[in-house]
Amino acid sequence: MMPQSSSKPARKWPVAVLGATGAVGQTFVRLLQGHPWFEITDVAASERSAGKSYADATRWIEGTMPAEVARLTVVPCDPAQVKAKLVFSALDSNVAGEVELAFATSGALVLSNAKNFRMEADVPLVIPEVNAPHLGVLARQRRERGFAGGIVTNANCAATVATVALAPLHQAFGLEKVFVTTMQAISGAGYPGVPSLDILGNVIPYIGDEEPKIEREMNKMLGRFRGETLESASFAVSAHANRVPTENGHLVCLSIGFEHRVTVDEALAALRAWTGCAEARGLPSAPEHPLVVTDVVDRPQTRRDVGAGRGMTVTVGRVRLDPILDIKLAALGHNTVRGAAGGSILNAELLASQGALGPA
Ligand SMILES: NC(=O)c1ccc[n+]([C@@H]2O[C@H](COP(=O)([O-])OP(=O)(O)OC[C@H]3O[C@@H](n4cnc5c(N)ncnc54)[C@H](OP(=O)(O)O)[C@@H]3O)[C@@H](O)[C@H]2O)c1
C-alpha cells in the first residue's frame, strides 16, 4: 500500500546519510528532522570523522544541530557498518563512485547527489515534478547490473534550477537552443568551500566541471522514458558558470530558442499553468508550487526568493522577448535544498509512494 503524506506509515524507514558532515550532508540532517516517513539511523563520512560523535565531527553551518543526530557516532562509508538500506549520498565525487557502487551491490538503494552515475544510460536522473516516469529505468539497472539495491541520482544544482524553469516550455513548445549564465552561491562549493579572500567582493567566472554538467544533464532530464530506455532531448545548450558572493541560491539567466516561434504571452501562460508530474503532488517534501512566476520587475532575487516553498520552489521572473533567440528569463532556486538534499529526499518519497522501498 502506498503511503500518502496525510497517512503516516506505521514505522519510519531507517535512512543513512553518507557525507553527513558536509554542506549537503548537513542539509539532509536538517531536512530529515521530524520527517514523517524517514528517520536517520546512520551517519557516515571519511576516516577523518569516523569514530567521533556527529556533533564533534561536524562544523554545523545553519540553525541548531538536531540532538538525536548529534549523539550518533560517525561510521566509515562501508556497507558493512551501515544498517539502513535507504542511503542518501552527499559524498564528494572523488569517492562517490566506488562507495555508491558498493552500497548498491550490497542491497542498498542509493540516492546520490554526486556526478559519477548521473549520465549512465540505466541510472535515473530525476526531478519528480519534471520526469517522475524516468524512475522506470531502475528495474533494468537492477536486472542488468545484478544490484540488489540500486542508484537514483539528482542533478547538478544549477542544472536543476534551469530544468524546472525550462520543463513547462519544453513540454509545451519544444526547445531548440538554450543559452544559460549562472550566478552560483558559495555553499555550492561545499564546506569550507571557496576561501573568503577569493570570493568576498568578487565574482569568479569559473566553476570546475560545472558547464559540461549543466550542458548535458538538462537534456537527459527533459528527455523521455520509452520501453526500458531513457531518450535524451536534443536541444543545444551553452553554459557560463559564475561563482558569486551569495550564501545560498543559484540564479540562472536563460535565453531560449524554440522549434517554432513562441510569444512572451504564450511562454508566460505555459509557465503559469505548469504544475508538474501528478506523481509528485502531495509528497511530504513537495512544495505546493514547484514553479512560481513573479511579475515584480526586479525579481527573483537571491536573498528575497531563495526560501520560496521552504527552498523547494523555483522562482521565475523577467520573462521577456529575446532579440537573438525567442524568450529570455531569470530563475532562482536553493542549491542545497531543491538542488541537492531536498531534491534527493523528494526522490525517495516518490519511490516510497510507488512501493519501491518495500515495507518500512
Ligand atoms: N553544495 C551544493 O550545493 C551541491 C549541490 C548539488 C550536488 N552537490 C554534490 O554533493 C556532494 C557533496 O557536496 P558538498 O557541497 O556537501 O561537499 P562537502 O561540504 O565538501 O562535503 C563532502 C562530504 O564528503 C565526505 N568525504 C570526503 N572525502 C571522503 C572520503 N574519502 N571518504 C568518505 N567520505 C568523504 C566529507 O566527510 P569529512 O567531513 O569526513 O571529510 C563530507 O561529509 C558532491 O558530490 C557535490 O558535487 C553539491
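Because the structure is predicted, anything quoted here is derived from the model rather than measured.

Attention shifts here to the pairing of strand β14 (residues 327-333). Across the 7 residues that make up β14, a large majority, 6, are buried. Bridge analysis of strand β11 (residues 250-258) against β14 gives 7 bridges, and the strand direction is antiparallel. Residue pairing for β14: L254 is matched across the bridge by L329. Judged from the 5 bridges that link them, strand β13 (residues 314-321) and β14 form a sheet pairing that is antiparallel.

So, on to helix α10 (residues 264-273). Turning to α10, its buried residues are A267, L268, A270 and L271. With its buried residues spanning 165 degrees around the axis, α10 presents them on a single face. Exposed and facing more than 90 degrees away from the buried side of α10 are D265 and A273. Packing partners of the buried residues in α10 comprise α7 (157-173), β12 (291-293), β13 and β14.

On to the pattern of salt bridges, then. In the structure shown here, the tally under the stated rule is 14 salt bridges. Across the pair R118 and E217 runs a salt bridge, and its minimum N-O distance is 2.9 Å. One end of the pair, R118, is in the loop between β5 (109-112) and α5 (128-131); the other, E217, is in helix α9 (residues 210-221), and 99 residues separate them in sequence. Note that R145 is salt-bridged to E120, the shortest N-O span being 2.9 Å. Separated by 25 residues along the polypeptide, R145 in helix α6 (residues 138-145) and E120 in the loop between β5 and α5 bring together distant segments of the chain. Residues participating in the shared-partner salt-bridge network are R140, R143, E144 and E228.

A word on the packing of α7 against α9. Viewed as axis vectors pointing N to C, α7 and α9 meet at an angle of 40 degrees, and their least axial separation amounts to 9 Å. Viewed along their axes, α7 and α9 form a crossing whose handedness is right-handed. Judged by residue contacts, C157, A158, A159, A162, T163 and L166 of α7 engage E210, I214, E217, M218 and M221 from α9. Here the contact of α7 with α9 is built from residues that sort into 8 nonpolar, 1 polar and 2 charged.

The local shell around the ligand holds 27 residues, among which T21, S46, R48, S49 and L91 are the closest. At 3.5 Å from a nitrogen atom of the ligand is found a main-chain nitrogen or oxygen belonging to G188. N335 places a polar side-chain atom, nitrogen or oxygen, 3.0 Å from an oxygen atom of the ligand. Considered on its own, the ligand offers 910 Å² of accessible surface; in the complex 81% of this is hidden by protein. Secondary-structure elements contributing two or more residues to the shell around the ligand are α1 (23-32), α4 (93-105) and α12 (337-353). Split into classes, the residues belonging to the shell around the ligand amount to 12 nonpolar, 13 polar and 2 charged.

It is worth spelling out the sheet that holds strand β1 (residues 13-18) at this point. Spatial strand order, β3-β2-β1-β4-β5-β6: 6 strands in an open sheet with parallel pairing. Because the sheet does not close on itself, it has two edges, and the strands there are β3 (75-76) and β6 (150-153). Direction of pairing for β1 relative to strand β4 (residues 86-89): parallel, over a ladder of 4 bridges. For L18, the partnering residue across the bridge sits in β4 and is S89. Against the sheet, α12 touches β1, β2 (38-45), β4, β5 and β6, its axis set at about 145 degrees to β5.

Looking now at the packing of aromatic side chains. Throughout the structure, instances matching the rule amount to 6 aromatic pairs. Summarising the aromatic geometry, the rings of W37 and F38 are spaced 6.4 Å apart at their centres and angled 90 degrees between planes, so their arrangement reads as edge-to-face. With respect to burial, W37 and F38 carry one shared label: buried. Three or more aromatic residues link up through ring pairs in this structure, and these residues are W13, F28, W37, F38 and F88.

With that settled, consider the confidence of the model for the protein chain. The share of residues in the protein chain with pLDDT of 70 or more is 98%, and the mean pLDDT across the chain is 96. Below a pLDDT of 50 lies the segment residues 1-6, which in the model reaches 11 contacts outside its immediate sequence neighbourhood of four places, other chains included.

With that out of the way, let us pick up α1. Counting buried positions along α1 yields 7 of 10 residues, so the element is predominantly enclosed. Along α1, the positions that sit buried rather than exposed are A23, G25, Q26, T27, F28, V29 and L32. The elements touched by buried residues of α1 are β1, β2, α2 (54-57), α3 (67-70), β4 and α12. Among the residues trailing α1, G34 stands out with phi positive, at a value near 70 degrees.

One way to put it is that α1 packs onto α12 with a least axis distance of 9 Å and a crossing angle of 50 degrees. Classified by the angle their axes make, α1 and α12 are oblique. The crossing of α1 and α12 is right-handed. From α1, V24, T27, F28, R30, L31 and L32 reach across to α12, where they touch V337, A340, A341, G342, S344 and I345.

Its place among the elements puts A269 in helix α10. Taking the C-alpha atoms as reference points, A269 and L169, 100 residues apart in sequence, are found 9.6 Å from one another.

Cut-offs and rules
Residues numbered from 1 in each chain as written. Predicted model: local features only at pLDDT ≥ 70, side-chain atom pairs only at ≥ 80, totals over all residues. Heavy atoms only, no water. Buried < 20%, exposed > 50% of the residue type's maximum accessible area, 1.4 Å probe, protein only. Helix = DSSP H or I, 4+ residues; strand = E, 2+ residues; numbered from the N terminus. Pairing = 2+ DSSP bridges. Arc of directions from axis to C-beta. Contact = heavy atoms within 4.5 Å. Salt bridge = Lys/Arg side-chain N within 4 Å of Asp/Glu carboxyl O. Axes fitted to C-alpha atoms, helices over the stretch in contact; angles between N-to-C directions. Left-handed = near helix turned anticlockwise from the far one by under 90°. Nonpolar A, V, L, I, M, F, W, Y, C, P; charged D, E, K, R; others polar. Near = heavy atom within 4 Å. Polar contact = N/O pair within 3.5 Å; in protein donor to acceptor, adjacent residues only side chain to side chain. Areas by Shrake-Rupley, 256 points an atom, 1.4 Å probe, with all protein chains shown as cover. Phe/Tyr/Trp six-rings, centres within 6.5 Å; stacked < 30°, edge-to-face > 60°. pLDDT = per-residue confidence, 0-100. Parallel < 35°, antiparallel > 145°, perpendicular 65-115°, else oblique.

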